[in-house]
Amino acid sequence: MTLGNLLALVVLQTAGAPAPRAPAPAPPPSRTVADYPFAVGETFEYGVKMGMINLGSASMSIVGIDTVRGREAFVFRFALAGGVLGYDINTVLQSWTGVADFVSLRFHKDADEDGKVRKTHFEIFPDSGFSREEGQERVHEAPAAPLDDAAFFYFLRTTPFEVGKTYRYARYFRKERNPLTVRVLKRERIELPDGRKVQCLVLHPVIRAKGILSERSDARFWVTDDSLRIPVQIRTRFPFGTITLRLTEMRLGRAGERGAQS
(Lines give C-alpha, C1' and ligand atoms only; values in the text may rest on other atoms or scores of the structure.)
Protein backbone atom coordinates (compact mmCIF):
# COMPACT_ATOMS: atom_id res chain seq x y z
CA MET A 1 0.00 0.00 0.00
CA THR A 2 1.35 3.37 -0.99
CA LEU A 3 1.68 6.23 1.51
CA GLY A 4 -1.11 8.12 -0.31
CA ASN A 5 -3.51 5.18 -0.02
CA LEU A 6 -2.68 4.78 3.67
CA LEU A 7 -3.43 8.46 4.37
CA ALA A 8 -6.72 8.23 2.45
CA LEU A 9 -7.76 5.20 4.51
CA VAL A 10 -6.99 7.02 7.77
CA VAL A 11 -9.07 10.03 6.61
CA LEU A 12 -12.06 7.84 5.69
CA GLN A 13 -11.95 5.95 9.00
CA THR A 14 -11.72 9.21 10.96
CA ALA A 15 -14.62 10.78 9.06
CA GLY A 16 -16.86 7.82 9.80
CA ALA A 17 -15.99 7.65 13.51
CA PRO A 18 -18.28 9.37 16.00
CA ALA A 19 -17.00 12.62 17.47
CA PRO A 20 -15.56 12.21 20.96
CA ARG A 21 -17.96 13.27 23.71
CA ALA A 22 -17.08 16.26 25.85
CA PRO A 23 -16.74 15.37 29.53
CA ALA A 24 -19.88 16.04 31.56
CA PRO A 25 -19.66 19.21 33.65
CA ALA A 26 -18.94 18.60 37.30
CA PRO A 27 -21.92 19.18 39.61
CA PRO A 28 -21.68 22.31 41.76
CA PRO A 29 -19.97 21.64 45.08
CA SER A 30 -22.23 20.90 48.01
CA ARG A 31 -22.47 23.84 50.41
CA THR A 32 -22.53 23.92 54.20
CA VAL A 33 -24.06 26.39 56.64
CA ALA A 34 -20.67 28.14 56.94
CA ASP A 35 -20.68 29.01 53.21
CA TYR A 36 -23.56 31.49 53.56
CA PRO A 37 -23.51 35.14 54.72
CA PHE A 38 -26.28 34.34 57.21
CA ALA A 39 -26.93 31.76 59.91
CA VAL A 40 -29.53 30.49 62.34
CA GLY A 41 -30.51 33.19 64.80
CA GLU A 42 -30.30 36.06 62.34
CA THR A 43 -33.34 38.33 62.83
CA PHE A 44 -34.28 41.64 61.20
CA GLU A 45 -37.14 43.73 62.60
CA TYR A 46 -38.87 46.43 60.53
CA GLY A 47 -41.22 49.29 61.14
CA VAL A 48 -43.99 49.49 58.55
CA LYS A 49 -45.13 52.93 57.40
CA MET A 50 -47.23 54.58 54.74
CA GLY A 51 -45.71 58.04 54.50
CA MET A 52 -45.53 59.19 58.14
CA ILE A 53 -48.29 56.84 59.34
CA ASN A 54 -47.21 53.80 61.38
CA LEU A 55 -49.01 50.73 60.09
CA GLY A 56 -47.41 47.84 61.97
CA SER A 57 -44.29 45.70 61.94
CA ALA A 58 -42.49 43.04 59.94
CA SER A 59 -39.62 40.63 60.43
CA MET A 60 -37.27 38.33 58.53
CA SER A 61 -35.54 35.54 60.40
CA ILE A 62 -33.76 32.22 60.12
CA VAL A 63 -35.50 30.20 62.78
CA GLY A 64 -33.56 26.95 62.52
CA ILE A 65 -32.20 24.03 60.53
CA ASP A 66 -34.73 21.28 59.85
CA THR A 67 -34.67 17.99 57.95
CA VAL A 68 -37.03 17.56 54.99
CA ARG A 69 -37.15 14.11 53.37
CA GLY A 70 -33.63 13.42 54.64
CA ARG A 71 -32.18 16.77 53.48
CA GLU A 72 -30.86 19.49 55.79
CA ALA A 73 -32.76 22.73 55.22
CA PHE A 74 -32.74 26.33 56.42
CA VAL A 75 -36.09 27.49 57.79
CA PHE A 76 -36.69 31.07 56.60
CA ARG A 77 -39.59 33.12 57.99
CA PHE A 78 -41.03 36.43 56.79
CA ALA A 79 -43.91 38.02 58.71
CA LEU A 80 -45.88 41.23 58.10
CA ALA A 81 -48.68 42.54 60.33
CA GLY A 82 -50.46 45.87 60.17
CA GLY A 83 -53.25 47.84 58.62
CA VAL A 84 -54.89 51.20 58.00
CA LEU A 85 -58.49 52.45 57.83
CA GLY A 86 -59.94 49.01 58.49
CA TYR A 87 -57.73 47.27 55.92
CA ASP A 88 -55.70 44.69 57.87
CA ILE A 89 -52.79 42.55 56.71
CA ASN A 90 -51.31 39.56 58.47
CA THR A 91 -49.02 37.47 56.29
CA VAL A 92 -46.48 34.80 57.22
CA LEU A 93 -44.24 33.13 54.65
CA GLN A 94 -42.13 30.17 55.70
CA SER A 95 -39.62 28.31 53.54
CA TRP A 96 -37.60 25.14 53.97
CA THR A 97 -34.60 25.55 51.63
CA GLY A 98 -31.81 23.01 51.20
CA VAL A 99 -28.47 23.94 52.75
CA ALA A 100 -26.37 21.89 50.31
CA ASP A 101 -27.94 23.20 47.07
CA PHE A 102 -30.19 26.14 48.05
CA VAL A 103 -33.38 24.80 46.48
CA SER A 104 -36.87 24.98 47.99
CA LEU A 105 -38.30 21.81 49.50
CA ARG A 106 -41.38 23.14 51.31
CA PHE A 107 -43.25 26.45 51.33
CA HIS A 108 -46.09 27.77 53.51
CA LYS A 109 -47.99 31.01 52.97
CA ASP A 110 -50.61 32.00 55.52
CA ALA A 111 -52.31 35.26 54.59
CA ASP A 112 -55.16 37.26 56.07
CA GLU A 113 -55.68 40.34 53.91
CA ASP A 114 -58.73 42.52 54.50
CA GLY A 115 -60.55 39.59 56.10
CA LYS A 116 -59.75 37.16 53.27
CA VAL A 117 -57.88 34.21 54.77
CA ARG A 118 -55.84 31.93 52.53
CA LYS A 119 -53.43 29.20 53.56
CA THR A 120 -51.32 27.54 50.88
CA HIS A 121 -48.85 24.84 51.87
CA PHE A 122 -46.64 23.26 49.21
CA GLU A 123 -44.34 20.27 49.19
CA ILE A 124 -41.70 20.77 46.49
CA PHE A 125 -39.82 17.86 44.89
CA PRO A 126 -36.86 19.22 42.87
CA ASP A 127 -35.57 15.79 41.87
CA SER A 128 -38.96 14.78 40.46
CA GLY A 129 -39.77 18.18 38.94
CA PHE A 130 -43.09 18.96 40.59
CA SER A 131 -44.78 20.56 43.60
CA ARG A 132 -48.04 19.63 45.29
CA GLU A 133 -50.34 21.89 47.29
CA GLU A 134 -51.76 20.44 50.48
CA GLY A 135 -55.36 19.34 49.98
CA GLN A 136 -55.12 19.44 46.19
CA GLU A 137 -54.71 16.47 43.85
CA ARG A 138 -53.24 18.45 40.97
CA VAL A 139 -49.46 18.76 40.81
CA HIS A 140 -47.52 21.70 39.36
CA GLU A 141 -44.41 21.39 37.22
CA ALA A 142 -41.27 22.69 38.96
CA PRO A 143 -37.85 23.62 37.54
CA ALA A 144 -34.68 21.76 38.47
CA ALA A 145 -33.58 24.30 41.11
CA PRO A 146 -36.80 25.81 42.48
CA LEU A 147 -37.14 28.84 44.76
CA ASP A 148 -40.23 29.97 46.64
CA ASP A 149 -41.18 33.51 47.64
CA ALA A 150 -39.39 33.53 51.02
CA ALA A 151 -36.28 31.76 49.72
CA PHE A 152 -36.04 34.39 46.95
CA PHE A 153 -35.28 37.08 49.58
CA TYR A 154 -32.24 35.09 50.68
CA PHE A 155 -31.25 34.19 47.13
CA LEU A 156 -30.91 37.93 46.46
CA ARG A 157 -28.41 38.07 49.30
CA THR A 158 -26.16 35.38 47.83
CA THR A 159 -26.06 36.48 44.18
CA PRO A 160 -23.59 38.97 42.61
CA PHE A 161 -25.21 41.90 40.78
CA GLU A 162 -24.05 44.82 38.63
CA VAL A 163 -25.80 48.18 38.57
CA GLY A 164 -27.78 48.78 35.37
CA LYS A 165 -28.26 45.11 34.54
CA THR A 166 -31.40 42.96 34.50
CA TYR A 167 -31.23 39.33 35.57
CA ARG A 168 -33.75 36.59 34.84
CA TYR A 169 -33.91 33.23 36.55
CA ALA A 170 -36.11 30.29 35.56
CA ARG A 171 -36.26 29.13 39.17
CA TYR A 172 -39.69 29.95 40.59
CA PHE A 173 -41.16 26.72 41.98
CA ARG A 174 -44.33 27.18 39.88
CA LYS A 175 -42.64 26.72 36.50
CA GLU A 176 -45.40 28.41 34.48
CA ARG A 177 -44.80 31.66 36.40
CA ASN A 178 -41.16 32.08 35.47
CA PRO A 179 -38.95 33.97 35.12
CA LEU A 180 -37.98 35.60 38.37
CA THR A 181 -36.63 39.02 37.38
CA VAL A 182 -34.20 41.36 39.17
CA ARG A 183 -33.33 44.83 37.88
CA VAL A 184 -30.37 46.49 39.61
CA LEU A 185 -31.36 50.15 39.59
CA LYS A 186 -28.59 52.02 41.42
CA ARG A 187 -26.50 52.40 44.58
CA GLU A 188 -27.74 54.55 47.43
CA ARG A 189 -26.45 55.33 50.93
CA ILE A 190 -28.89 54.51 53.69
CA GLU A 191 -28.75 54.51 57.48
CA LEU A 192 -28.61 51.38 59.65
CA PRO A 193 -30.30 51.23 63.07
CA ASP A 194 -26.96 51.98 64.80
CA GLY A 195 -26.61 55.26 62.89
CA ARG A 196 -23.99 54.15 60.36
CA LYS A 197 -24.62 55.06 56.75
CA VAL A 198 -23.80 52.29 54.29
CA GLN A 199 -23.86 51.85 50.54
CA CYS A 200 -26.80 49.78 49.33
CA LEU A 201 -27.86 48.20 46.06
CA VAL A 202 -31.41 49.13 45.06
CA LEU A 203 -33.08 46.12 43.45
CA HIS A 204 -36.41 45.79 41.64
CA PRO A 205 -37.35 42.11 42.07
CA VAL A 206 -40.47 40.63 40.44
CA ILE A 207 -42.23 37.33 41.01
CA ARG A 208 -45.12 36.58 38.65
CA ALA A 209 -47.44 35.68 41.51
CA LYS A 210 -49.51 37.50 44.11
CA GLY A 211 -47.58 39.04 46.99
CA ILE A 212 -45.27 41.89 47.92
CA LEU A 213 -42.92 41.11 45.01
CA SER A 214 -45.60 40.80 42.33
CA GLU A 215 -45.51 42.84 39.13
CA ARG A 216 -48.37 45.01 40.41
CA SER A 217 -46.55 45.71 43.69
CA ASP A 218 -43.61 47.42 41.92
CA ALA A 219 -41.34 46.54 44.85
CA ARG A 220 -37.92 47.95 45.72
CA PHE A 221 -35.41 46.10 47.86
CA TRP A 222 -32.39 47.83 49.46
CA VAL A 223 -29.52 45.50 50.48
CA THR A 224 -26.10 46.51 51.77
CA ASP A 225 -23.47 46.39 49.03
CA ASP A 226 -21.13 44.10 50.96
CA SER A 227 -20.72 40.41 51.71
CA LEU A 228 -23.67 40.30 54.12
CA ARG A 229 -26.32 41.91 51.88
CA ILE A 230 -28.39 43.03 54.85
CA PRO A 231 -31.96 43.88 53.74
CA VAL A 232 -32.27 47.46 55.03
CA GLN A 233 -35.51 48.54 53.39
CA ILE A 234 -38.39 47.17 51.30
CA ARG A 235 -40.97 49.30 49.52
CA THR A 236 -44.07 47.76 47.98
CA ARG A 237 -47.53 48.77 46.79
CA PHE A 238 -50.80 47.56 48.31
CA PRO A 239 -54.38 48.40 47.26
CA PHE A 240 -54.57 51.09 49.95
CA GLY A 241 -51.18 52.68 49.14
CA THR A 242 -47.42 52.20 49.09
CA ILE A 243 -45.79 50.97 52.30
CA THR A 244 -42.16 51.01 53.40
CA LEU A 245 -40.52 48.44 55.65
CA ARG A 246 -37.50 50.09 57.31
CA LEU A 247 -34.98 48.14 59.38
CA THR A 248 -35.21 49.07 63.07
CA GLU A 249 -33.36 46.24 64.82
CA MET A 250 -31.01 43.52 63.67
CA ARG A 251 -29.37 40.50 65.22
CA LEU A 252 -26.85 38.72 63.03
CA GLY A 253 -26.33 34.97 63.13
CA ARG A 254 -22.98 33.34 63.76
CA ALA A 255 -21.88 33.76 60.13
CA GLY A 256 -22.62 37.50 60.25
CA GLU A 257 -20.25 38.63 62.96
CA ARG A 258 -18.14 40.69 60.52
CA GLY A 259 -20.83 43.39 60.30
CA ALA A 260 -21.81 45.65 57.39
CA GLN A 261 -19.11 47.89 55.96
CA SER A 262 -19.66 51.63 55.69
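Heads up: the structure comes first, above all this text.
All of the points below concern the structure found in this document. Computed from a prediction, not measured in an experiment: that's the story for all the values here.

1. Considering the overall build of the protein chain
- Secondary structure summary: the protein chain contains two helices and 14 strands in total.
- Scored against the burial criterion, the 262 residues of the protein chain give a buried share of 46%.
- For the protein chain, the share of sequence-separated contacts (at least 6 apart) that also reach a separation of at least 24 residues comes to 48%.
- With an accessible surface of roughly 14,000 Å², the protein chain has 52% of that area assigned to carbon and sulfur atoms.

2. Side note on the nonpolar core
- Ranked by internal contacts, the top residues of the largest apolar core, which has 62 residues, are F152, F153, F161 and L203.
- At seven residues, the largest contribution of residues to this core is made by helix α2 (residues 149–156).
- F152 has contacts with L147, L180, T181, V182, P205, I207 and L213, leaving out every residue within four places of it along the chain.
- Residues A73, V75, W96 and V103 belong to the second largest nonpolar core, which totals six residues.

3. With respect to the pairing of strand β4 (residues 87–98)
- Burial runs high along β4: nine of the 12 residues are buried.
- The sheet contact formed by strand β3 (residues 71–84) and β4 spans 12 bridges and is antiparallel. Each bridged residue has a counterpart across the sheet, and for V75 the counterpart in β4 is W96.
- In this structure, the hairpin formed by β3 and β4 is closed by a connection of two residues, where L85 is found at a positive phi of approximately 50 degrees.
- Sheet topology note: the β4/strand β5 (residues 104–113) ladder contains nine bridges and is antiparallel. Its bridge partner being in β5, L93 is matched across the sheet by K109.
- Counting the residues between successive antiparallel strands, the hairpin from β4 to β5 contains five residues, one of them, F102, with a positive phi of roughly 50 degrees.

4. Quick notes on the environment of F153
- Within the secondary structure, F153 sits in helix α2.
- Given a relative accessible area of 2%, F153 falls into the buried group.
- Separated by 52 residues in sequence, F153 and P205 place their C-alpha atoms 9.3 Å apart.
- Dropping the residues within four chain positions of it, F153 is found in contact with M60, F78, I212, L213, F221 and I234.

About the thresholds
- By convention here, each chain's residues receive numbers from 1 onward along its written sequence.
- It should be noted that, the model being predicted, local features are given only for residues of pLDDT at least 70 and side-chain atom pairs only at 80 or more, the latter also being counted only at that level, while totals for whole chains, interfaces and linings use all residues.
- For side-chain calculations, the full set of non-hydrogen atoms in the structure is used, while hydrogens and water are omitted.
- What counts as a helix is a DSSP run of H or I of at least four residues, what counts as a strand is a run of E of at least two, and both are numbered from the N terminus.
- Burial here depends on accessible area, computed with a 1.4 Å probe over protein chains only, as a share of the maximum for the residue type. Under 20% is buried, over 50% is exposed, and the range in between is partly exposed.
- Any two residues whose heavy atoms approach within 4.5 Å are treated as being in contact.
- The accessible surface values rely on the Shrake-Rupley method and a 1.4 Å probe; as for residues, cover is taken only from the protein chains in view.
- Among the buried residues, those of types Ala, Val, Leu, Ile, Met, Phe, Trp, Tyr and Cys that are joined through side-chain atoms within 4.5 Å form a nonpolar core.
- A pair of strands is treated as paired once DSSP finds two or more bridges between them.

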